[in-house]
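Spelled out from the first residue to the last, the chains are:
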Amino acid sequence: GAGVSQSPRYKVAKRGQDVALRCDPISGHVSLFWYQQALGQGPEFLTYFQNEAQLDKSGLPSDRFFAERPEGSVSTLKIQRTQQEDSAVYLCASSLGPVYSNQPQHFGDGTRLSIL
Amino acid sequence: AQSVTQPDIHITVSEGASLELRCNYSYGATPYLFWYVQSPGQGLQLLLKYFSGDTLVQGIKGFEAEFKRSQSSFNLRKPSVHWSDAAEYFCAVGAGIGGGSQGNLIFGKGTKLSVKP
C-alpha cells in the first residue's frame, strides 16, 4: 500500500552544503505540495505542482530553495548553500485531483534536515 | 490573509475523559477546514474535513468537529479519550482562491495532547 514516500528520512549537512530531498507521491496523484515544519510549529507552505507545472512557489523562503517535478511524478526539493535556519522537517503531500479541488492531501513522514 | 489560531499549546486529559481542542480561523469566504494528527516522527494524518453542508463533521478514530461561522471556530471533540490519542493536533484552512477551493493548507501552530492513565 504505497503512501507518499520521502527520502532520506534524516539528513545532516554542514552549513554551506547543498542538499536534495526526494518525494515519491502516491501513484496517479496530480498535485504535489511541499511544506516546511520548524520545531514546535505547524507546517508552512513552500510550493506546489500540478503535474509537472509549478503553479505556486510563493512560500519558498529564498532563492536558495528550488523544487522540480520534471515528469509529473517524483519531486525534488533542493536547498543550496544551506544555513542553520534551514533546519526543519520538510513534508511532502500529494493529492489525487488538481490543486484547487476537494481531494484531501496525503502526507509523507517527512525528511528531518539538520544543518550543523 | 488567512490564518489559523490554536490557543492551547499543550493539553493534558485523563484517559476516558472528554476532549475539546480549539481552533479559530480568519478567512473572508466560506473556508475549507481540516484537522490533522501527527505522532512523533510521523507525517500528518487527516482526521476530518469541512467543505460545506452539515456543520457537524464526523471523522476517523471517533473524532468530530463543529463549524461555527459566527465564532469563526472549528473545534475538535472526542467524547472519551484513549491513551493512543496522545499526539499533536493541527487545525488547517485551505488557502484556495475564489469559490472556496482548497489550494495549499495554512496550519495553526498545533496543540500537543497528553493523556494521563
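Quick look at the structure, then. (Residues numbered from 1 in each chain as written. Chains lettered and ligands numbered in written order. Predicted model: local features only at pLDDT ≥ 70, side-chain atom pairs only at ≥ 80, totals over all residues. Heavy atoms only, no water.)

A short note on the overall build of chain B
Selection criterion: The helix count covers DSSP runs of H or I at least four residues long, the strand count covers runs of E at least two residues long, and both are numbered beginning at the N terminus. For this measure, only C-alpha atoms enter the radius of gyration; the expected value for a globule follows 2.2 Å times N^0.38, where N is the number of residues. Throughout this description, buried means an accessible area under 20% of the type-specific maximum (1.4 Å probe, protein chains only), exposed means over 50%, and partly exposed covers the range between.
Counting its secondary structure elements, chain B contains zero helices and twelve strands. In chain B, the succession of helices and strands from N to C terminus is β-β-β-β-β-β-β-β-β-β-β-β. Radius of gyration (C-alpha) of chain B: 14 Å, near the 13 Å computed for a compact globule of 117 residues. C-alpha atoms of chain B, sized along the principal axes, occupy 45 × 30 × 20 Å. Here chain B, with 117 residues, has 49% of them falling under the buried criterion.

Brief notes about the state of the cysteines
Residue and element names in this part refer to chain A. Where we set the bar: Throughout, a disulfide means two cysteine sulfur atoms within 2.5 Å of one another.
Taken as a whole and assessed by the stated rule, the structure comprises two disulfides over all chains. Sulfur-sulfur distance for the disulfide between Cys23 and Cys92 comes to 1.9 Å. Taking the sign of the S-S torsion, about -70 degrees here, the bridge from Cys23 to Cys92 comes out left-handed. On the criterion of sequence distance, the pair formed by Cys23 in strand β3 (residues 19–24) and Cys92 in strand β9 (residues 88–95) is long-range, its members being 69 residues apart.

A closer look at the interface of chain B and chain A
The line we're drawing: The contact criterion used throughout is that any non-hydrogen atoms of two residues lie within 4.5 Å. Here's the idea: put two parts together, see how much 1.4 Å probe accessible area each one loses, and the total over both is what we call buried area. Take a side-chain nitrogen of Lys or Arg and a carboxyl oxygen of Asp or Glu: if they are within 4 Å of each other, that pair is a salt bridge. Any pair of N or O atoms that falls within 3.5 Å is considered a polar contact. Within protein, one atom must be able to donate a hydrogen and the other to accept it, and sequence-neighbouring residues count only if both atoms are side-chain atoms. Classification convention: Asp, Glu, Lys, Arg as charged; Ala, Val, Leu, Ile, Met, Phe, Trp, Tyr, Cys, Pro as nonpolar; all other residues, Gly among them, as polar.
With 21 residues of chain B in contact, the opposing surface of chain A contributes 21 residues. Between chain B and chain A lies a buried interface of about 1700 Å² when both sides are counted; carbon and sulfur atoms form 51% of it. In this assembly, chain B and chain A are joined by zero salt bridges. Counting across the interface, chain B meets chain A through six residue pairs in polar contact (both at pLDDT 80 or more). Every element with two or more residues in the side of chain B that touches chain A is listed here: β5 (33–38), β6 (44–50) and β11 (105–107) of chain B. Considering each element in turn, the side of chain B that touches chain A owes the most residues, three residues, to β6(B). Residue composition of the side of chain B that touches chain A, grouped by class: nine nonpolar, ten polar and two charged.

Focus on the nonpolar core
Residue and element names in this part refer to chain B. Under the convention used in this document: Buried Ala, Val, Leu, Ile, Met, Phe, Trp, Tyr and Cys residues that are joined via side-chain atoms within 4.5 Å together make up what is termed a nonpolar core.
Counting 27 residues, the largest nonpolar core has Leu19, Trp35, Leu47, Leu48, Phe74, Leu76 and Tyr89 as its most contacted members. For this core, the elements supplying multiple residues, two or more each, are β2 (10–14), β3 (19–21), β5, β6, β8 (64–68), β9 (73–78), β10 (87–94) and β12 (111–116). The leading source of residues in this core is β10, at four residues.

Regarding the layout of surface pockets
We count it as follows: Note on definitions: the grid is 1 Å and covers protein atoms alone; a cavity is a set of points where a 1.4 Å probe fits but cannot get out; a pocket is an open set with protein on both sides within 12 Å along at least five of seven lines; lining residues have an atom within 4 Å of a point. Grid points are joined across faces, edges and corners, and a volume is the space filled by probe spheres set on the points.
Of the pockets and cavities examined, the largest pocket occupies roughly 520 Å³. Forming the boundary of the largest pocket are 28 residues, of which A:Leu39, A:Arg112, B:Gln38, B:Pro40 and B:Gly41 lie nearest the centre. Among the secondary structure elements, those contributing two or more residues to the lining of the largest pocket are β9 and β11 (111–115) of chain A together with β10 and β12 of chain B. Grouping the amino acids of the lining of the largest pocket by side-chain chemistry returns eleven nonpolar, twelve polar and five charged. In this structure, the second largest pocket occupies an estimated 150 Å³ of space.

Some thoughts on the pattern of salt bridges
Residues and elements named next belong to chain A. With the rule as written, the count across this model stands at eight salt bridges over all chains. Among the ionic pairs, Asp24 bridges to Arg22, the shortest N-O distance being 2.7 Å. With relative accessibility at 23%, the residue Asp24 sits in the partly exposed group. Ionic pairing is found between Asp86 and Arg64, a salt bridge with its closest N-O pair at 2.8 Å. One end of the pair, Asp86, is in the loop between β8 (75–79) and β9; the other, Arg64, is in the loop between β6 (53–56) and β7 (65–68), with 22 residues separating them in the sequence.

Re the side chain of A:Thr47
Residue and element names in this part refer to chain A. For Thr47, the location among the structural elements is in strand β5 (residues 44–50). In terms of polar contacts, Thr47 uses its side chain to reach the side chain of Gln54, at 2.8 Å. The contact partners of Thr47, leaving out residues within four places of it in the chain, are Leu32, Phe33, Trp34, Gln54, Asp56, Lys57, Leu60 and Ala67.

Quick look at the sheet that holds β3(A)
Residue and element names in this part refer to chain A. Rule in force here: Two strands qualify as a pair provided that DSSP identifies no fewer than 2 bridges between them. Axis definition: a line fit to C-alpha positions, over the contact stretch in the case of helices; interaxial angles, taken between N-to-C directions, run 0 to 180 degrees.
Ordered in space as β1-β3-β8-β7, the four strands form an open sheet in which the pairing is antiparallel. Single-partner strands in this sheet number two, and they are β1 (5–7) and β7. On average, adjacent strands in this sheet sit at an angle of 15 degrees to one another, irrespective of strand direction. Examined bridge by bridge, β3 and β8 share five bridges and lie antiparallel to one another. From the neighbouring strand, Ala20 faces β8, where its bridge partner is Lys78.

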